[in-house]
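# Architecture at a glance
So the chains spell out like this:
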Amino acid sequence: MGYALMNPNQSIKVEYRVRVNTSLVATKFLLRCDMPFRGSEESLNSLFKGPFLELVDTLKEINLEIASVINCASRNNLMTAPKIQKNLAAACAYEITQQIICDIADDVFSVLIDESDDIAGKEQMTVVVRYVNNEGLVKEMFNDITHKDVSIFFAKVNMLVNFIGSSNKRQELLRKKQETQFAKLIEEGQIETGSGLNQKSSIARAGDTRWGSHFRTLTSLMTLYGAIIWVLEVFENDTSFEKYGETIILLDLLQSFDFIVILYMMVEILGFTI
C-alpha cells in the first residue's frame, strides 16, 4: 500500500529530472559553442524555433525516453521556458567560476580587461582570468561580469546621481556635509592640509562611452559615501517628501552588502585599467 502511494511521486520526480537534464544538455552545448538560445519565432508551427528549442527537439528524436517524457508533460512543465534557460546558464556560469577559484587557490593570476560595443551599441566590459593550473598549463577563462551585471549596477548609481543632482537643496546639503567632515578630519589630524588637497568633490553621472567616466563617478561616490548617506537620512523621515519612496530605496541600496562589494570591486578593476 505504501509503495503504491509513493510510486506515482517517484515517477514524477524521475520525469522532472529527465526534462531538466535535457534542457541542461542543450544549455551546455550552446554555451560551449557560444551560440544564442532564442529564436525570432518560437511557436509550435515555426520552421525554426531557435537553437535551444530545436536542440531539445533533436534530443527527443534520438532518445525515445526523452521524447515520451517531454511529449506527455503539460505546457507549463516542459522546463524550456526562457526563464529556465537563463537559470540553467547562470548555474553553469557559477560552477565554472567555482572551478576557476579552486584551480587558482592561493596562486598568482592575472586579469585581462577590454571594452567593446555589443550589437545594440552599448558598451560592454570583457574580463578574462589567466592563470597556471596544477598541471603547469596556462589557462585563460572568460568571466562574464559584463554588460548585464555592470549596466544594472551603473543604473543604480545613476539613479543616486540623478536624485542628488536634480535638486539644488540636496546638492547644497551634500556640500555642507562634506565641508563639515573635512573640517573634523583636519582638526583630528587624520588628513593633511595644503595646496590642492582636500578639494570639494561632486558626484556626476557616468558617461555612456568611457570607463574613465565610470571610474571618476565611483571614486567620488566612495569619497562622498558618508555625506550621501547623511543627505538621504535627512529626507528619510519626511513622509510628505515627493521622493520619499525613492529615498528609502536608495538608502537600502547604498547600505546593501552586494552594492558595496561591487562598488569596491569595480573601483579596483577600473583602477588597474584606466
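Keep in mind it's a predicted model, so treat the numbers as computed, not measured.

In terms of helices and strands, the chain carries 10 helices and 3 strands. The helix and strand sequence of the chain, counted from the amino end, reads α-α-α-α-β-β-β-α-α-α-α-α-α. The 274 residues of the chain split such that 31% are buried. Of all intrachain contacts in the chain linking residues separated by at least 6 positions in sequence, the fraction that spans at least 24 positions is 55%. Total accessible area computed for the chain in this model is approximately 17,900 Å², and 55% of it derives from carbon and sulfur atoms.

What follows concerns the environment of asparagine 133. Tracing the backbone shows asparagine 133 in the loop between strand S2 (123–132) and strand S3 (138–143). For asparagine 133, a relative accessible area of 14% gives the class buried.

When pLDDT is averaged across the chain, the result is 77; 76% of the residues are at 70 or more. Confidence, expressed as mean pLDDT per element, reaches its minimum in the chain at strand S1 (residues 109–117) with 68 and its maximum at helix H2 (residues 51–62) with 94. Contacts of residues 1–6 to residues separated by more than four positions or lying in other chains number 0 contacts, the stretch itself having pLDDT below 50. Scored below 50 in pLDDT, residues 195–199 shows 8 contacts in the model against residues more than four places distant or in partner chains.

Enumeration over the complete set of coordinates arrives at 4 salt bridges. A salt bridge links glutamate 42 to arginine 38; its shortest N-O distance comes to 2.8 Å. Given the relative accessible area of 45%, arginine 38 is considered partly exposed. In this structure, aspartate 57 engages lysine 60 in a salt bridge whose closest nitrogen and oxygen atoms are separated by 3.6 Å. A residue pair is termed a helical-turn pair when its members lie 3 or 4 positions apart in one helix, as aspartate 57 and lysine 60 do in helix H2 at 3 residues. Take aspartate 57 and lysine 60: they sit in the same class, and that class is buried. A single network of salt bridges, built from pairs that share partners, joins Lys49, Asp57 and Lys60.

As a further point, take the nonpolar core. Phe153, Leu160, Leu218, Ile228, Leu232, Leu254 and Phe259 are the most contacted members of the largest nonpolar core, which totals 29 residues. Among the elements of the structure, helix H5 (147–165), helix H6 (168–187), helix H7 (211–223), helix H8 (225–236), helix H9 (244–254) and helix H10 (257–273) are those that each provide at least two residues to this core. Per-element tally for this core: the top contributor is H5, with 8 residues. Residues Ala26, Leu30, Phe52 and Ile70 belong to the second largest nonpolar core, which totals 14 residues.

The subject of this paragraph is H8. Its 12 residues give H8 an end-to-end C-alpha distance of 16 Å, which sits within 8% of 16 Å, the value for a rise of 1.5 Å per residue. Within the sequence span of H8, burial applies to Ala227, Ile228, Ile229, Val231, Leu232 and Phe235.

Inspection of the secondary structure assignment puts threonine 27 in helix H1 (residues 2–32). With a relative accessible area of 0%, threonine 27 lands in the buried category. Contacts of threonine 27, omitting those with residues within four sequence positions, involve Phe37, Phe52, Leu88, Ala89 and Cys92.

Here is what the cut-offs are and how they apply
- For every chain, the first residue of its written sequence is number 1, and the numbers climb from 1 along that sequence.
- Confidence filtering applies because this is a predicted model: local features only for residues at pLDDT of at least 70, side-chain atom pairs given and counted only at 80 or more, and all residues used for totals across whole chains, interfaces and linings.
- Side-chain calculation: all heavy atoms of the structure are included, whereas hydrogens and water are not.
- Secondary structure elements are taken from DSSP: a helix is a run of H or I of four residues or more, a strand is a run of E of two residues or more, and numbering for both begins at the N terminus.
- With a 1.4 Å probe rolled over the protein chains alone, any residue whose accessible area is under 20% of its type maximum counts as buried; one over 50% counts as exposed, and the rest are partly exposed.
- Contacts are residue-level and defined by heavy atoms, with any inter-residue pair within 4.5 Å sufficient.
- Only the protein chains shown count as cover for residues, with accessible areas throughout obtained via the Shrake-Rupley method and a probe of 1.4 Å.
- Scored from 0 to 100, pLDDT records how confident the predictor is in each individual residue.
- We define a salt bridge as a side-chain nitrogen of Lys or Arg found within 4 Å of a carboxyl oxygen belonging to Asp or Glu.
- Residues belong to a common nonpolar core when they are buried Ala, Val, Leu, Ile, Met, Phe, Trp, Tyr or Cys residues joined through side-chain atoms within 4.5 Å.
- An expected span of 1.5 Å times one less than the residue number is assigned to each helix.

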